[in-house]
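Next come the chains, spelled out residue by residue.
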Amino acid sequence: MPASVIELSTLGHRIRHHRVAQGYTLDELGAIVGVAGSQLSLIENGKREPKLSLLQAIAHATGTDVTDLLSPEPPNRRAALELSLEQAQASPVFRRLGIPAVRVTKATTDETIEAVLGLHHELQRREREAIATPEEARRANTELRLRMREKNNYLPEIEQLAEKQLKAAGHTGGALTHRSVSIMASQLGFELIYVDDLPHSARSVTDLENGRIYLPPASIPGGHGLRSMALQAMAHRLLGHTPPTDYADFLQQRLEINYFAACCLMPETASVAFLAQAKRDRNLAVEDFRDAFGVTHEAAAMRMTNLLTEHLGTRLHFLRVDGAGAINRVYENDDLPLPMDVTGSVEGQIVCRRFAARAAFAEQNRTVEHYQYTDTPAGTFWCSSQTGRTGDAEFSITVGVPFDDARWFRGRETQKRATSTCPDESCCRRPDASLTSRWDGKAWPSARVHMQMFSPLPRGAFPGVDDGEVYAFLDRHAQE
């Protein structure tokens, strides 16, 4: 994996430290290791990543070794201050201000850097206080997202459990039927019951004492939504869940039951075989994957995040974005630059309007996938976006990959291309200068109040659920 900006900066400081300790100028060390002094300057300033052979030559010339040069620790206090300032000035919180970064030179004193760092720390503190109300939930969600990123969004134990349950129910292939779901429930000692009076705060209610899973009615009982909800309810029992101890535990359980349902609706063995063949044909497409297993576009797109990296070596990203551009759901392991707040949370942030996830809303034909290449500060990405609507709200589902991996996907031949420089404010967040001149001070828009993505949850045995309403429901139905 390419070194990060901070890693390159630390490496540069360590090289400079050992060069100065030996009394070499840039040109003198460059002559010894066979490169121009200007090239060494770029490396010392973290602007260029050196090859291993050059690192070995530098280590030999400065009387150290490569391991020491690659240490993540700053070589001295001055370097530590400069690196801390560099990291602070690269944060989204500071960049949103549009203030030029402080350029550190030899003449810049340690006291000056410390003072500027103090201002950055205060800026970060005030940003944290501004989102203190939903902070616990947002931090828990961010930590979970990062843990899943490290695992490539893949949980082998749940994959195996789902395959075992499907086999026991006699499911051999194709879309999972509602009857097979009912058999799976029966084998666990449950009966699926559809009722009109399900508590408004619950998606389903499981009666552990009488072996019943209550679900909402639907015009098509075998539809994806009800199959998924029934599988999620069963997953709590199969995975040995107990009432969550905190919001982080609640989120972990939600992720696991959703993952189990996805594994049942799109089993690993069959899904990987389907995707591998599509890749060989250079014809990967979310819509084909969706139709092959009878699930929603969003479910198929999310399932790709579980399998493409682990089994096919393809890094990717997934976005669900609402009509206002806010990220509702996200996964990425391909370094797509995403907006985030001071806690690292991405959900609720506004995605760049140049991204395909937002550009798709302007397309007239909403029934097909739309393809686009987007040039970003982190590289070029290819994306496929599909829009949809729930009630009065519209949304888009996007799956994308780095440029080199687009060759495996249908739609790679698209000529549509955009450029995004976010989080640079000039990309899509600042109005055109002529518009500013025309309307500044002459307009007063009334802002829409957005629903909080992670508002404080009511107390109870299960976060977000009205316990009294659920218990009254169970008592009522237990007498039937």
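See above for the structure.
These notes cover the structure that comes with them. (Residues numbered from 1 in each chain as written. Predicted model: local features only at pLDDT ≥ 70, side-chain atom pairs only at ≥ 80, totals over all residues. Heavy atoms only, no water.)

Points about the environment of Gln165
Phase 1 of the analysis: Relative to the helices and strands, Gln165 resides in helix H10 (residues 156-168).
Phase 2 of the analysis: Discounting residues that sit within four places of it in the chain, Gln165 has contacts with Met184, Gln187, Leu188, Leu238 and Phe260. (Helix = DSSP H or I, 4+ residues; strand = E, 2+ residues; numbered from the N terminus. Contact = heavy atoms within 4.5 Å.)

Quick word on the nonpolar core
Side chains of nonpolar character tend, in soluble globular proteins, to be buried together.
Phase 1 of the analysis: Core analysis: the biggest nonpolar cluster contains 66 residues, and Met184, Leu231, Met234, Phe260, Cys264, Leu275 and Met304 have the highest contact counts within it.
Phase 2 of the analysis: With 10 residues, the top contributor of residues to this core is helix H13 (residues 247-265).
Phase 3 of the analysis: Those residues in contact with Leu231 that lie beyond four places of it in its chain are Leu176, Val181, Met184, Phe260, Ala261, Cys264 and Leu265.
Phase 4 of the analysis: Membership of the second largest hydrophobic core comes to 15 residues, among which are Leu338, Phe355, Ala357 and Cys428. (Core = buried A, V, L, I, M, F, W, Y, C linked by side-chain atoms within 4.5 Å. Buried < 20%, exposed > 50% of the residue type's maximum accessible area, 1.4 Å probe, protein only.)

So, the environment of Tyr259
Phase 1 of the analysis: Along the chain, Tyr259 turns up in helix H13.
Phase 2 of the analysis: With 213 residues separating them along the chain, Tyr259 and Ala472 place their C-alpha atoms 30 Å apart.
Phase 3 of the analysis: If we skip the residues at most four places from it in the chain, Tyr259 touches Asn153, Tyr154, Leu155, Ile158, Glu159, Arg303 and Asn306.

Regarding the packing of helix H2 (residues 26-33) against helix H4 (residues 52-61)
Phase 1 of the analysis: Packing of H2 against H4 brings their axes to within 9 Å, and their N-to-C directions diverge by 115°. You can see that H2 and H4 cross each other, and the crossing is right-handed. For the pair H2 and H4, the contacting residues are Leu29, Ile32 and Val33 in the first and Leu54, Ala57, Ile58 and Ala61 in the second.
Phase 2 of the analysis: When its residues are assigned to classes, the contact of H2 with H4 shows 7 nonpolar, no polar and no charged. (Axes fitted to C-alpha atoms, helices over the stretch in contact; angles between N-to-C directions. Left-handed = near helix turned anticlockwise from the far one by under 90°. Nonpolar A, V, L, I, M, F, W, Y, C, P; charged D, E, K, R; others polar.)

Details of the pairing of strand S3 (residues 212-215)
Phase 1 of the analysis: On S3, burial covers both faces: Arg212 and Tyr214 on one face and Ile213 and Leu215 on the other are all buried.
Phase 2 of the analysis: Sheet topology places strand S1 (residues 191-194) next to S3; 4 bridges connect them, and they run parallel. Its bridge partner being in S3, Glu191 is matched across the sheet by Arg212. (Pairing = 2+ DSSP bridges.)

Things to note about unusual backbone geometry
Phase 1 of the analysis: A cis geometry characterises the amide bond from Cys422 onward to Pro423, with omega recorded as 15°.
Phase 2 of the analysis: As for its placement among the helices and strands, Pro423 is situated in the loop between strand S9 (417-419) and helix H18 (433-439).
Phase 3 of the analysis: For Arg282, which is not glycine, the phi dihedral falls at a positive 55°.
Phase 4 of the analysis: In this fold, Arg282 is placed in the loop between helix H14 (268-280) and helix H15 (286-293).
Phase 5 of the analysis: Residue class for Arg282 comes out partly exposed when judged on its relative accessible area of 39%.

Description of the pattern of salt bridges
Phase 1 of the analysis: Applying the stated rule across the entire model yields 20 salt bridges.
Phase 2 of the analysis: Between Arg138 and Asp341 there is a salt bridge; the shortest N-O distance is 2.8 Å. Taken together, the residues span a long stretch of sequence, with Arg138 in helix H9 (residues 135-150) and Asp341 in the loop between strand S5 (327-332) and helix H17 (356-359) at a distance of 203 residues. In this pair, the class of Arg138 matches that of Asp341, namely buried. (Salt bridge = Lys/Arg side-chain N within 4 Å of Asp/Glu carboxyl O.)

A word on H14
Phase 1 of the analysis: An ideal rise of 1.5 Å per residue puts 18 Å on 13 residues; H14 measures up with 18 Å between its terminal C-alpha atoms.
Phase 2 of the analysis: Those residues of H14 that sit buried are Glu268, Ser271, Val272, Leu275, Ala276, Ala278 and Lys279. The arc that holds every buried residue of H14, seen down its axis, measures 160°, which confines them to one face. Facing away from the buried side of H14 by over 90 degrees, the exposed positions are Thr269 and Arg280.
Phase 3 of the analysis: Buried positions along H14 lie against H10, H13, H15 and helix H16 (297-312).
Phase 4 of the analysis: Arg282 lies just past H14 and shows a positive phi near 55°. (Expected span 1.5 Å × (residues − 1). Arc of directions from axis to C-beta.)

A few points about the side chain of Ser385
Phase 1 of the analysis: Summarising the element assignment, Ser385 is placed in strand S7 (residues 379-390).
Phase 2 of the analysis: With a relative accessible area of 0%, Ser385 lands in the buried category.
Phase 3 of the analysis: For Ser385, the side chain forms a polar contact with the side chain of Thr398, separated by 2.6 Å.
Phase 4 of the analysis: Residues in contact with Ser385, not counting those within four places in the same chain, are Ala356, Ala357, Ala360, Val368, Glu369, His370, Ile397 and Thr398. (Polar contact = N/O pair within 3.5 Å; in protein donor to acceptor, adjacent residues only side chain to side chain.)

Thoughts on the environment of Val20
Phase 1 of the analysis: Along the polypeptide, Val20 turns up in helix H1 (residues 5-21).
Phase 2 of the analysis: C-alpha of Val20 to C-alpha of Leu42: the two residues are 22 residues apart in sequence and 16 Å apart in space.

Without other data, these values stay purely geometric and don't point to any function.
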